[in-house]
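Architecture and fold: a report
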Amino acid sequence: SQQGEEDPQALSIQEGENATMNCSYKTSINNLQWYRQNSGRGLVHLILIRSNEREKHSGRLRVTLDTSKKSSSLLITASRAADTASYFCATDGYNNAGNMLTFGGGTRLMVKP
Amino acid sequence: KAGVTQTPRYLIKTRGQQVTLSCSPISGHRSVSWYQQTPGQGLQFLFEYFSETQRNKGNFPGRFSGRQFSNSRSEMNVSTLELGDSALYLCASSIGTDYEQYFGPGTRLTVT
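In short, a report on the structure. Source: prediction; values computed, not measured. (Residues numbered from 1 in each chain as written. Chains lettered and ligands numbered in written order. Predicted model: local features only at pLDDT ≥ 70, side-chain atom pairs only at ≥ 80, totals over all residues. Heavy atoms only, no water.)

Further remarks concern the side chain of B:Thr107. Residues and elements named next belong to chain B. Tracing the chain through its elements places Thr-107 in strand S11 (residues 107-111). Thr-107 sits in the buried class, given a relative accessible area of 0%. What Thr-107 contacts, discounting residues up to four positions off in sequence, is Gln-6, Thr-7, Pro-8, Arg-9, Leu-21, Ala-87, Leu-88 and Tyr-89. (Helix = DSSP H or I, 4+ residues; strand = E, 2+ residues; numbered from the N terminus. Buried < 20%, exposed > 50% of the residue type's maximum accessible area, 1.4 Å probe, protein only. Contact = heavy atoms within 4.5 Å.)

Let's shift gears to the sheet that holds strand S1 (residues 5-7) of chain A. All names here are of chain A. Across the sheet, which stays open at both edges, the five strands sit in the order S1-S3-S8-S7-S6 with antiparallel pairing between neighbours. At either margin of the open sheet sits one strand with a lone partner, and together these are S1 and strand S6 (55-58). The sheet shows a mean angle of 15° between the axes of neighbouring strands, taken without regard to direction. Relative to strand S3 (residues 19-24), S1 runs antiparallel, the two being bridged by three bridges. Along S3, the bridge assignment pairs Asp-7 with Asn-22. (Pairing = 2+ DSSP bridges. Axes fitted to C-alpha atoms, helices over the stretch in contact; angles between N-to-C directions.)

Okay, the pattern of salt bridges next. With the rule as written, the count across this model stands at eight salt bridges over all chains. Across the salt bridge formed by A:Arg50 and B:Asp98, the nearest N and O atoms sit 3.2 Å from each other. One end of the pair, A:Arg50, is in strand S5 (residues 43-50); the other, B:Asp98, is in the loop between strand S9 (87-94) and strand S10 (102-103), on a second chain. Judged by its relative accessible area of 23%, A:Arg50 falls in the partly exposed class. One connected set of salt bridges, linked through shared partners, spans B:Arg63, B:Glu82 and B:Asp85. (Salt bridge = Lys/Arg side-chain N within 4 Å of Asp/Glu carboxyl O.)

Residue and element names in this part refer to chain B. Tracing the backbone shows Arg-63 in the loop between strand S6 (53-57) and strand S7 (64-68). A polar contact is formed between the side chain of Arg-63 and the backbone oxygen of Ser-79, at a distance of 3.0 Å. Setting aside chain neighbours within four positions, we find Arg-63 in contact with Asn-77, Val-78, Ser-79, Thr-80, Leu-81, Glu-82 and Asp-85. (Polar contact = N/O pair within 3.5 Å; in protein donor to acceptor, adjacent residues only side chain to side chain.)

The next point concerns the environment of B:Ser72. Residues and elements named next belong to chain B. Inspection of the secondary structure assignment puts Ser-72 in the loop between S7 and strand S8 (74-78). Ser-72 sits in the buried class, given a relative accessible area of 12%. On a C-alpha basis, the gap between Ser-72 and Asp-85 in space is 25 Å, while along the polypeptide they are 13 residues apart. If we skip the residues at most four places from it in the chain, Ser-72 touches Pro-25, His-29, Arg-30 and Val-32. A polar side-chain atom of Ser-72 sits 3.3 Å from the main-chain carbonyl oxygen of His-29.

A separate point is the pairing of S8(B). In regular strands, side chains alternate between the two faces of the sheet. Residue and element names in this part refer to chain B. The buried count for S8 comes to five of five residues, which makes it a mostly enclosed element. Where burial is concerned, the two faces of S8 agree: the one with Ser-74, Met-76 and Val-78 and the one with Glu-75 and Asn-77 are both buried. Bridging between strand S3 (residues 19-24) and S8 involves five bridges; their strand directions are antiparallel. Paired with Val-19 across the two strands is Val-78, which belongs to S8. Connecting S7 to the antiparallel partner S8 that follows it, the hairpin turn spans five residues, and Ser-72 within it adopts a positive phi of roughly 75°.

Written out as C-alpha cells, the structure reads:
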C-alpha cells in the first residue's frame, strides 16, 4: 500500500516558473525524503527532512513538512527543462526498526523550454 | 565515492525460471534495501538488510528472497517467475537508520 499521495499527478509549466508538488501521508514518520526519477531510471535523492524539522533548502529546492497535517511540499524555483522528471515523496515510518521507505504515486513534471 | 551499482541492467527470463539480481552499495554503507517498481503498483518495498541480517520485509510472496554478504553486497532472488514479476528492481543503500537512501540505476526484468 502507498503511504503517500502526491498532488498533482502531473504538472506542466514553462521554463523559469516555479513548480510546487504536495505529498500527504497517513502515519507518524521519522523522516520524509524526496526523489527525482527520469524516464524509468534510478531514483536521485533530493532532500531528507526529519520529523522535527519544518523547512529545508537545497539550491533551487525548498521542502516543507507539517507533521500536524501529515503533509509536505517540494518547491522547485526557476525551473529548467532539465527538471522534467517524476518526483516522489517517500516516508520512513516512526515504528520502523530500520530503513523502509513507503512511496507516493509521484508527480510527473514537464518543464517546457 | 562510487554510487550504488546493480547488475545486470537488463534481463529477460521465461515464466517459471528463477533470477538473481546483484547490488553493490556505496562504500561504508551497511544498509541495503530492495524495491520493485511497476506501472500499476508503483514503488514497493521488498526487504532491507543490515549487517547480513534482514531487518524489514515488505508484503511479497516467499518467492522473493534476498541476502547480504559480509562486504555489504546484496543479492535478491526470485524463484518461479511470473509475468507479473516484470518490473524495475531498485536497490538502495544507506549509512544507517534514518539517513538518506541512495538508489542504483535498477535492473529491468522482463518475464515472457
